[in-house]
Amino acid sequence: MDFAARFTTKQHPGVLAKGILAMLRWDETATLPTITVPTLIITSDHDKLTLACASEEMQRVIPNAELVMVKPAGHPGFRRPGFLECSAAYDEAISGFAARCLARAMPATDRLRPAVRTL
């Protein structure tokens, strides 16, 4: 949180304003159905910047998308804990998703072989 606060305060006010205004106009909804890779969407039950309904809509229209709701949590920097404070839940969601993706991508015969590490 300290890093995010310091990073933001070092920016020129005009840069911050342009970024915020751009977020209000940005619309990539037409892109969502064209995403062809497995997608993990992580949201929280009290995020006031990215509403849960937006994440649910993304999950509905992106092929092969998974949605994880972290509870209780909010957007970083707000009153409820954010992803930095709930990192274990986010880490679990990401590692589980990665494991499922790797398992689907790996041929069944390779899954039976022990992993060989080279150093």
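Residues numbered from 1 in each chain as written. Predicted model: local features only at pLDDT ≥ 70, side-chain atom pairs only at ≥ 80, totals over all residues. Heavy atoms only, no water.

A word on the overall build of the protein
Next, step 1: When helices and strands are counted, the protein shows five helices and two strands.
Next, step 2: Listed N to C, the secondary structure of the protein is α-α-β-α-β-α-α in terms of helices and strands.
Next, step 3: Per-residue burial over the protein gives 15% buried out of 119 residues.
Next, step 4: Considering only residue pairs separated by 6 or more positions, the protein has 65% of its internal contacts joining residues 24 or more positions apart.
Next, step 5: For the protein, the accessible surface area stands at approximately 9,400 Å², while carbon and sulfur atoms represent 63% of it. (Helix = DSSP H or I, 4+ residues; strand = E, 2+ residues; numbered from the N terminus. Buried < 20%, exposed > 50% of the residue type's maximum accessible area, 1.4 Å probe, protein only. Contact = heavy atoms within 4.5 Å. Areas by Shrake-Rupley, 256 points an atom, 1.4 Å probe, with all protein chains shown as cover.)

Description of the side chain of Thr 39
Next, step 1: Structurally, Thr 39 can be placed in strand β1 (residues 39–46).
Next, step 2: Look at Thr 39 and you get buried, because its relative accessible area is 15%.
Next, step 3: Ignoring anything within four residues of it in the chain, the contact list for Thr 39 reads Ile 62, Asn 64, Ala 65, Glu 66 and Phe 97.

A few points about the environment of Ala 30
Next, step 1: Positionally, Ala 30 belongs in the loop between α2 (13–25) and β1.
Next, step 2: What makes Ala 30 exposed here is its relative accessible area of 67%.
Next, step 3: Put simply, Ala 30 and Val 61 are 31 residues apart on the chain and 9.6 Å apart in space, counted from C-alpha to C-alpha.

Details of the confidence of the model for the protein
Next, step 1: On average, residues of the protein carry a pLDDT of 80, and 76% of them reach 70 or more.
Next, step 2: Of all helices and strands in the protein, the one with the weakest mean pLDDT is helix α5 (residues 108–112) (58), whereas helix α3 (residues 52–61) scores best (93). (pLDDT = per-residue confidence, 0-100.)

A closer look at the pattern of salt bridges
Next, step 1: What the rule picks out here adds up to two salt bridges.
Next, step 2: For the salt bridge of Arg 60 with Glu 57, the shortest nitrogen-to-oxygen distance reads 2.7 Å. With a gap of three residues between them, Arg 60 and Glu 57 both fall in helix α3, about one helical turn apart.
Next, step 3: The exposure class assigned to Arg 60 is exposed, which follows from its relative accessible area of 58%.
Next, step 4: Overall, the relative accessible area of 38% leaves Glu 57 in the partly exposed class.
Next, step 5: With its nearest N and O atoms 2.6 Å apart, the salt bridge here joins Glu 66 to Arg 100. With Glu 66 in strand β2 (residues 65–74) and Arg 100 in helix α4 (residues 87–105), this pair connects stretches of sequence that are 34 residues apart.
Next, step 6: Judged by its relative accessible area of 36%, Arg 100 is partly exposed. (Salt bridge = Lys/Arg side-chain N within 4 Å of Asp/Glu carboxyl O.)

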